Amino acid sequence: GSQPYRDRPVLSDIEPPGGYKFQMNDIAAALGLAGLVEYDDMMIRRRSIFQVYRAAGLPLVDSPVNALGYACLLVDNRDLFASRMAAAGVETNVMHLRNDTYTIFRRFARPLPEMDWAHDRHVCIPMHNAMTLEDANYVADSATGALKK
C-alpha cells in the first residue's frame, strides 16, 4: 500500500545555517543554453496538456499567468485520490510544502486556516515534456474517475 502524504517524511529538509549560494557551472550553463532551442515547442506542448486538464474540469490550481511548471489540483481526500490514481497507473506527488514544514522555518509556524486547508488538499498530476496528448487524456480521464468514486 501507499503511505499517506501527511505521514511521509520530508526528504529534502532545509536546516540552519541555510543560505548556500550554489552557482551553475559552465557545463550546466551550456546545457541550459542548448535547451532554449526547444523551449517554444516545449511550452506549446505543455500548454496543450494543461488545456486537456482544464477541459476535463479538474480542480486545477490555475491563474491567468500560469507558467505551466506543474499541474496541481486541490482535492478533498488527497490520499484516497492518490490511491485511485495509482490503481490506474498514474503517479501523483506533493510538489510544494509549506515553508514551516522545514526545520529552518519551523519556529515561525502558526495556525493559518486557509493555508492548512489548501496544504491538505494539494496534489500534482503528471505534467512533463515527454507526455503526449493521449497520455494527458488518460490522466484527465483517470483523475475525473478518481474524483467521482
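In case you missed it, the structure is sitting above this.
Residues numbered from 1 in each chain as written. Predicted model: local features only at pLDDT ≥ 70, side-chain atom pairs only at ≥ 80, totals over all residues. Heavy atoms only, no water.

Visitor: Please set out helix 3 (residues 78–87) residue by residue, giving values where relevant.
Guide: The set of residues buried in helix 3 consists of Arg78, Phe81, Ala82 and Met85. Looking down the long axis of helix 3, one finds its buried residues gathered within 95° of arc, a one-sided arrangement. Lining the buried residues of helix 3 we find strand 1 (71–74), helix 4 (113–119), strand 2 (122–125) and helix 5 (133–148). (Buried < 20%, exposed > 50% of the residue type's maximum accessible area, 1.4 Å probe, protein only. Helix = DSSP H or I, 4+ residues; strand = E, 2+ residues; numbered from the N terminus. Arc of directions from axis to C-beta. Contact = heavy atoms within 4.5 Å.)

Visitor: Lay out the environment of Asn25 with the relevant residues and their values.
Guide: Among the structural elements, Asn25 can be located in the segment before helix 1 (26–35). With a relative accessible area of 47%, Asn25 lands in the partly exposed category. C-alpha of Asn25 to C-alpha of Val94: the two residues are 69 residues apart in sequence and 29 Å apart in space. In terms of polar contacts, Asn25 uses its side chain to reach the backbone amide nitrogen of Ala28, at 2.7 Å. (Polar contact = N/O pair within 3.5 Å; in protein donor to acceptor, adjacent residues only side chain to side chain.)

Visitor: Quick one: what's the story with helix 2 (residues 39–55), residue by residue and with numbers?
Guide: Taking 1.5 Å per residue, 17 residues should reach 24 Å; helix 2 reaches 24 Å between its end C-alpha atoms and fits that length. Within the span of helix 2, buried status applies to Met43, Arg46, Ile49, Phe50, Val52 and Tyr53. Immediately beyond the C-terminal end of helix 2, within one or two residues, lies Gly57, with a positive phi of roughly 75°. (Expected span 1.5 Å × (residues − 1).)

Visitor: Quick rundown of the layout of surface pockets? Include the residues and the values.
Guide: Estimates place the volume of the second largest pocket at around 150 Å³. For the lining of the second largest pocket, the class distribution of residues is seven nonpolar, four polar and one charged. (1 Å grid on protein atoms, 1.4 Å probe; cavity = no way out; pocket = protein on both sides within 12 Å on 5 of 7 lines; lining within 4 Å. Points joined across faces, edges and corners; volume = space filled by probe spheres on them. Nonpolar A, V, L, I, M, F, W, Y, C, P; charged D, E, K, R; others polar.)

Visitor: Account for the pattern of salt bridges, naming residues and giving values.
Guide: Under the definition given, this model contains four salt bridges. The residue Arg54 makes a salt bridge to Asp62 at a minimum N-O spacing of 2.7 Å. We note a salt bridge from Asp100 to Arg98, for which the minimum N-O separation is 2.7 Å. Across the pair, Arg98 and Asp100 agree in class, each one buried. Salt bridges sharing partners connect three or more residues here, namely Arg98, Asp100 and Asp116. (Salt bridge = Lys/Arg side-chain N within 4 Å of Asp/Glu carboxyl O.)

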